[in-house]
Each structure stands twice: as structure tokens, then as C-alpha cells.
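For reference, the chains in residue letters:
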Amino acid sequence: MNAALEIECGGLEVARLGKIFPGRDKPVIAVEDVSFRVEPRQVCILLGPSGCGKSTILRMIAGLEQPSSGGISLNGNPVVGPHRERGMVFQGYTSFPWLTVRQNVAYGLRINGDAYALREGTVDHYLERVGLSRFADAWPHQLSGGMRQRVALARALATTPQLLLMDEPFGALDAETRWQMQELLLNVIRKERMTVVMVTHDVEEALLLGDQIVFLSSHPGRVRTILHPPFKSDDAICTRESLRAHSDYAPMERDILSMMREEGHNH
Amino acid sequence: MLQPIISPPPPEQPTTGPVAVASQAPAAPPALAVRRRWLEFKQPVSTSSKLLLGISAWILFLLGWHLAATSGTEANPLFPSPVDVSDSLWNLFAERGFHSDVLASLQRILISFGLAVAIAVPTGVLMGAFPAVEAFFSPLVSAFRYLPAPAFIPLLLMWLGTGDTQKIALLVLGVIWFLITLVCDTVKQTPVDFIETSRTLGGSRRTILWTVVVPSSLPGIVDTCRQMLAVSWTYLVIAEIVAATDGIGAMMMRARRFVHVDDIMAGILVIGALGLLCDLAFRGLHWLMFPYMRRR
Ligand SMILES: Nc1ncnc2c1ncn2[C@@H]1O[C@H](COP(=O)(O)OP(=O)(O)OP(=O)(O)O)[C@@H](O)[C@H]1O
Ligand SMILES: [Mg+2]
């Protein structure tokens, strides 16, 4: 925790983070000595082979898991547990089935005691952002997978968190829907000027959305390298096609893919 | 994309190609196979056919019963026909004040079941939500679950006499342990993601209990209550047969003394009908309470 307290204000600071799980026979070192910084309004992507500890890092930032060593601070304040300043979108469908779309998006505001009138304006705003205004009164089970993830996104945004965390939010979607969601997310992040940490397996997604890509190697999970793709800050790029047409895209994708392949071969 | 082979958690692969293909896979069946057959695995039956089939089963049952009862040369008093039973049913209600017995039984069921639910649901919810509470109650509840409630009858008779208190105590004892266990199991099914979502949105422990755990398990809890109410009816009859001056079971025991088999059968019929009504009432409640679970 001390490491976290020394850090200057602004953005997310992950310092020498480590996590050891008490495994069945011997302890599992899931994450070891991971450090990175995310400046305000930047998108940080955690990329790496399966099992390298991406979800564990994200859950520690969310406060859902306690670090074994090192520390995390957001805007200078150490992270000690879950808080509405750090919203999270999970991989699975987490819209509450007993609430309508509108009630789902309003949920975070309601449990924090926001007045109804204030709430409705905010909810309408975010429903609009994710393109679900027409479905405000539908039940989640009437929605497609992509729409449900948009509900989860709107719900996480509605409490206006300082940091948005996403663990493979589009992992359960088919390829076509995933592209649509990536473009929608890019649009939302730019408009709302969010600070984001996002886990993904998808290299294209990482390059489209990330200002910074933290590439992790596995067993134990460590930072292998940090990349800074230029595409998200380039407002001309807002679709998959324009991303692919960019001259820097192909070499970066190739580099990352070969790193992924090496990591895969190491085990 | 390569996956390391040794990583323990199953990689959550995006479901792309294979699923899309699989959903298109079952091609239209060849015209020859279209012929409708009655017995087809998993083939849904239309509502009207369902009704028709259900009613036919009843008609066949009553017909068989009637034929069996009237086949002998003279009427057997130990095996009355459905017509005799319906006669005595009419007679019971119209002339012998059977409705007060029925009301007495219903009252016992409602009070005892209400009491059991009022104790079991909060206990079960807390046990399902907090493993520490479960660790405390579980050994006790499991032990009592294996004790047959009727074993307590002699004890209850001595402690509480032969009045309604004794019967209600037996009925509560009969269902409460199962109710607690089933509610606890239902609550444990609450997806962890739901709870964690609420935590990241600022939900406190109390908030999560009331806005996630309870609403997420409520449909299951109502279903559990519906099923356990049927068990309550079983214990009601036991309680009223053992020692009672009123109630459906008491009427049946009186009828036994005078070998009025048709009255006994009428009693069974009434219990069956009331049980069915309770079941329907719970289903209706479920439908009203959980609009999001209605199909279409
Ligand atoms: N609760 C836990 N108890 C024990 N070990 C765990 C636990 N959670 C994760 N691990 C271990 O920590 C390591 C990292 O897991 P994590 O889920 O963070 O990986 P990941 O990078 O998110 O993988 P994926 O891409 O497959 O989602 C794995 O080896 C896993 O077995
Ligand atoms: Mg993961």
C-alpha cells in the first residue's frame, strides 16, 4: 500500500502489483511485479495469452480482489475496495433480468440515492449514447447479446465513474456484432472522455481502442512490453475499415501477433 | 490464435464460427418425414390437444372405476362408484355442514404455512447469502430434516394437547426444514457477477441483499413455497387423523367408524381439489409477480 501512496495525482497508477492465489497444492503466482500508468482520458488495453492474469489485474483495480503485494491508486487515492468511482463491465451478461433496460441503467443511481428526477435525465442520456432509447422499457431477455452488453455499458457509465473497467466485454458476441460494439465503444469513449482499462484477446480491438497496450506474458503474469498505438487519438479513424487502411496498422498487428505466438510456444 | 495448453481456467473463447454454423445446420427435413405421429421425442403438444388428452385420462379413469364398482351383482359398500361418491359429496356440503370442516382445515394450512414461510424464508435467504450463517444453521437444519415430523406427534400431544396449536406445530415442523434448505439453495444460485456488478456500482452489503440477492432468487422461492404447500397438505391429514374433532381428516375418520366409504372418498376428492387450487393460486401469483419471466 505504501508504494501507492507515494504517487503523484491524476490517472491510474498500478505499482509493483502482485497476486498469489492459495492453490490446491502450492500457491499460484498469478501476477508478479506489474506496473503501469494510465493518464486521465486514456484507454489502456491489457493484452496477453490466456491465463496471464489480465482478469486478476482488472479485478484488483476494481477492488474485487485484494493485491498480495504492491498497490493501486486512482487520482492519488489508494484503492482499497469496490467503489462507484470505478465502474465495471463483465464478460458475461449481467443485466438484471427483473429490471427493465431503463431500470437497469438507473440501478447504480438508485442505490446511491440519487433523486428520481435527476436520475431520469442521466439515464436517457446514456441510453441514447448506446443507442437503446427505443428499448428502454424492454426486458433484458428480449434483447440480443450485443444489446445486453450495451445495457451493461450504459449502467456502468450512468454513475459517472472516474475509471471504466471492462473484462472482455465483447468476448461472448459474434464477430459481426463485436465490430459494431467496438466502433460504438470508441465513439462513446471519445464523447464521454473516459479513462478506461480494458482486457481483450482481440488484437484488432486492442489497436482500435487503445492509447496504450500493456502486453503481459504468463506464468507468472508480468509486463512484457508497453505499446502506444496512434489510432484512437486520430479522430479520422472511427471504423474498422479506416483502421485497417492506416499504414501503421499492419506492422503493429504483425508484431503483436508474433509476440502472442511466442508466448503461446513458451508453454 | 494460440492458446497455452497448461493454463487451468478454460479460455473463454468468443463463440464465433462454430455456433453460427451449428444454428443453420439442421436442414429442412425431407418431405417424407413430415407425417405427424403421436409419439415423437420432445415434440411439443398444442394447448387444445393437451387439454383433450388430460380430460380423456380423467374420463377413462372414472369410467374404469365406475365399471369396476358396478360389475358385481350387488353394490359393495367398501367400493362405491363415482356416482355414489359425488352423491355423498353433495350431501356432505348441503346437509351435514362439511364446509366448516373444510374451513377448519384450510385455516390450519394457512396459519401453519404462513408461519413456516415467515421463519424459513428469512433464515434461508441469510444462509444462502452468507456462508457463515449457513455454517451455523446447516448442521442443525440437516439433522431435523431427516427426522420424520410424525415422530414428534406423541411429544406434541403431551406438550400442546389435542387442540389446534398441536396441529399447527406439526405442520410447521413438517415443512420448515425442507423450506429452509430449498430457499438456501435457491439463494446460492444468485450469479456472482450480479453481486459484483452491484459492488462496483457502490452497493453496500444491505443494498446488495435487497436489490440483487432477493429479487434474483424470489421466483425460485415462490416456486419452492408452491411445492412445499403440497407437503403441508400431507401433514394436515396426518394431524387430523390422529386427534381432531373437526377438519377434513376428522370427518374421514368419523366416516370410517360407520364404514361410510363414499364419505371417505369424497374427503379425498376435496383434499385433491383444494391442493390443486392452491397450486394454481401460487402459479397465478408467480405469473403476476414476475412479468419478466412470462413467455411472449
Ligand atoms: N480465484 C482463484 N483461485 C486460484 N487461482 C486463480 C484464481 N483466479 C485466477 N487464478 C489463476 O490465476 C491465473 C490468472 O488468471 P486470470 O483469470 O487473471 O487470467 P486471464 O489472463 O484473465 O485469462 P483469460 O484470458 O483466459 O481470461 C490463472 O493461472 C488462474 O488459474
Ligand atoms: Mg480473463
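Further up the page is the structure itself.
My aim in this report is to walk through the structure given alongside it, one point at a time. (Residues numbered from 1 in each chain as written. Chains lettered and ligands numbered in written order. Predicted model: local features only at pLDDT ≥ 70, side-chain atom pairs only at ≥ 80, totals over all residues. Heavy atoms only, no water.)

### Re the interface of chain B and chain A
Then comes step 1: Taken together, the contact between chain B and chain A spans 32 residues of the former and 45 residues of the latter.
Then comes step 2: Between chain B and chain A, a total of about 3200 Å² is buried, with carbon and sulfur atoms accounting for 65% of that surface.
Then comes step 3: For the chain B face of the interface with chain A, the top three residues by lost area are T200, L201 and Y292 of chain B, together amounting to 23%.
Then comes step 4: Here chain B and chain A share one salt bridge between them.
Then comes step 5: Here R59 of chain A and E196 of chain B are joined by a salt bridge, their closest N and O atoms 2.7 Å apart.
Then comes step 6: Counting every contact that joins chain B to chain A gives five residue pairs in polar contact (both at pLDDT 80 or more).
Then comes step 7: Elements that contribute at least two residues to the side of chain B that touches chain A include exactly α8 (192-200) and α9 (205-242) of chain B.
Then comes step 8: If you tally residues by element for the side of chain B that touches chain A, the top one is α8 of chain B, at seven residues.
Then comes step 9: When the residues that make up the side of chain B that touches chain A are grouped by side-chain class, the tally is 13 nonpolar, 13 polar and six charged. (Contact = heavy atoms within 4.5 Å. Buried area = accessible area lost by both parts, 1.4 Å probe. Salt bridge = Lys/Arg side-chain N within 4 Å of Asp/Glu carboxyl O. Polar contact = N/O pair within 3.5 Å; in protein donor to acceptor, adjacent residues only side chain to side chain. Helix = DSSP H or I, 4+ residues; strand = E, 2+ residues; numbered from the N terminus. Nonpolar A, V, L, I, M, F, W, Y, C, P; charged D, E, K, R; others polar.)

### Overview of the site of ligand 1
Residues and elements named next belong to chain A.
Then comes step 1: For ligand 1, the set of nearby residues contains 15 residues, the closest of which are S50, G51, K54, S55 and T56.
Then comes step 2: Contact distances for ligand 1 include 2.5 Å between an oxygen atom and a side-chain N or O atom of S50.
Then comes step 3: Within the complex, 76% of the 630 Å² of free accessible area of ligand 1 lies under protein.
Then comes step 4: Here the residues of the shell around ligand 1 sort into five nonpolar, seven polar and three charged. (Near = heavy atom within 4 Å. Areas by Shrake-Rupley, 256 points an atom, 1.4 Å probe, with all protein chains shown as cover.)

### A word on the environment of A154 of chain A
Residues and elements named next belong to chain A.
Then comes step 1: Assignment of secondary structure puts A154 in helix α5 (residues 145-158).
Then comes step 2: When its relative accessible area of 0% is taken as the criterion, A154 is described as buried.
Then comes step 3: Placed 128 residues apart in sequence, A154 and K26 show a C-alpha to C-alpha distance of 41 Å. (Buried < 20%, exposed > 50% of the residue type's maximum accessible area, 1.4 Å probe, protein only.)

### Looking at unusual backbone geometry
All names here are of chain A.
Then comes step 1: The residue D33 is not glycine, and still its phi comes out positive at about 55°.
Then comes step 2: In this structure, D33 sits in strand β2 (residues 28-38).
Then comes step 3: A residue is classified by how much of its surface remains accessible, and D33, at 34% relative accessible area, is partly exposed.
Then comes step 4: We note that R41 has phi near 70°; this positive angle belongs to a residue other than glycine.
Then comes step 5: Locating R41 in the fold gives a position in the loop between β2 and β3 (43-47).
Then comes step 6: Owing to a relative accessible area of 46%, R41 belongs among the partly exposed residues under this scheme.

### Regarding the packing of helix α4 (residues 98-129) of chain B against helix α7 (residues 164-188) of chain B
Residues and elements named next belong to chain B.
Then comes step 1: Close contact between α4 and α7 brings their axes to 7 Å; oriented N to C, the two are set at 30°. Here α4 lies roughly parallel to α7, going by the angle between them. Of the two possible hands of crossing, α4 and α7 adopt the one that is right-handed.
Then comes step 2: Here the contact of α4 with α7 is built from residues that sort into 22 nonpolar, four polar and four charged. (Axes fitted to C-alpha atoms, helices over the stretch in contact; angles between N-to-C directions. Parallel < 35°, antiparallel > 145°, perpendicular 65-115°, else oblique. Left-handed = near helix turned anticlockwise from the far one by under 90°.)

### Examining the packing of aromatic side chains
Then comes step 1: In the structure shown here, the tally under the stated rule is 13 aromatic pairs over all chains.
Then comes step 2: Consider the rings of W58 of chain B and F61 of chain B, whose centres lie 5.8 Å apart with planes at 85°: the pair is edge-to-face. One end of the pair is W58 of chain B and the other is F61 of chain B, both in helix α2 (residues 47-70) and three residues apart, which spans about a single turn.
Then comes step 3: For F61 of chain B, a relative accessible area of 47% gives the class partly exposed.
Then comes step 4: When the ring of F290 of chain B is compared with that of Y292 of chain B, the centres are 6.3 Å apart and the planes differ by 75°; the resulting orientation is edge-to-face. Grouping residues by exposure puts F290 of chain B and Y292 of chain B together as buried.
Then comes step 5: One aromatic cluster is present, built from ring pairs that chain together F96, W98 and Y107 of chain A together with F194 of chain B.
Then comes step 6: When the ring centre of W287 of chain B is taken as reference, the NZ or CZ atom of R294 of chain B above it lies at 3.7 Å. (Phe/Tyr/Trp six-rings, centres within 6.5 Å; stacked < 30°, edge-to-face > 60°. Lys NZ or Arg CZ within 6 Å of the ring centre and 35° of its normal.)

### Topic: the sheet that holds β2 of chain A
Residue and element names in this part refer to chain A.
Then comes step 1: Taken in spatial order, the four strands line up as β2-β1-β4-β5 in an open sheet, and their pairing is antiparallel. Here the strands that pair on one side only, and so sit at the sheet edges, are β2 and β5 (77-78).
Then comes step 2: As defined by bridge partners, strand β1 (residues 12-21) adjoins β2 across seven bridges and the pair is classed as antiparallel. Its bridge partner lying in β2, L12 is registered against V38.
Then comes step 3: Across the sheet, helix α2 (residues 54-62) is in contact with β1, β2 and β4 (69-74); its angle to β1 comes to roughly 120°. (Pairing = 2+ DSSP bridges.)

### Quick word on the pattern of salt bridges
Residue and element names in this part refer to chain B.
Then comes step 1: If you walk through the whole model with that rule in mind, you get 22 salt bridges over all chains.
Then comes step 2: The salt bridge partner of E134 is K188, with a shortest N-O separation of 2.9 Å. In this pair, E134 sits in helix α5 (residues 131-145) while K188 sits in helix α7, placing the two residues 54 residues apart along the sequence.
Then comes step 3: Through salt bridges with shared partners, one network takes in R108, D164, E240 and D246.

### Topic: the nonpolar core
Then comes step 1: Ranked by internal contacts, the top residues of the largest apolar core, which has 66 residues, are V125, W233 and I248 of chain B.
Then comes step 2: With 15 residues, the single largest contributor to this core is α9 of chain B.
Then comes step 3: Once you skip the residues sitting within four places of it in the chain, W233 of chain B turns out to touch L106, I109, I248, I271, L274, G275 and C278 of chain B.
Then comes step 4: In this structure, A106, L109, I189 and L243 of chain A belong to the second largest nonpolar core, which totals 53 residues. (Core = buried A, V, L, I, M, F, W, Y, C linked by side-chain atoms within 4.5 Å.)

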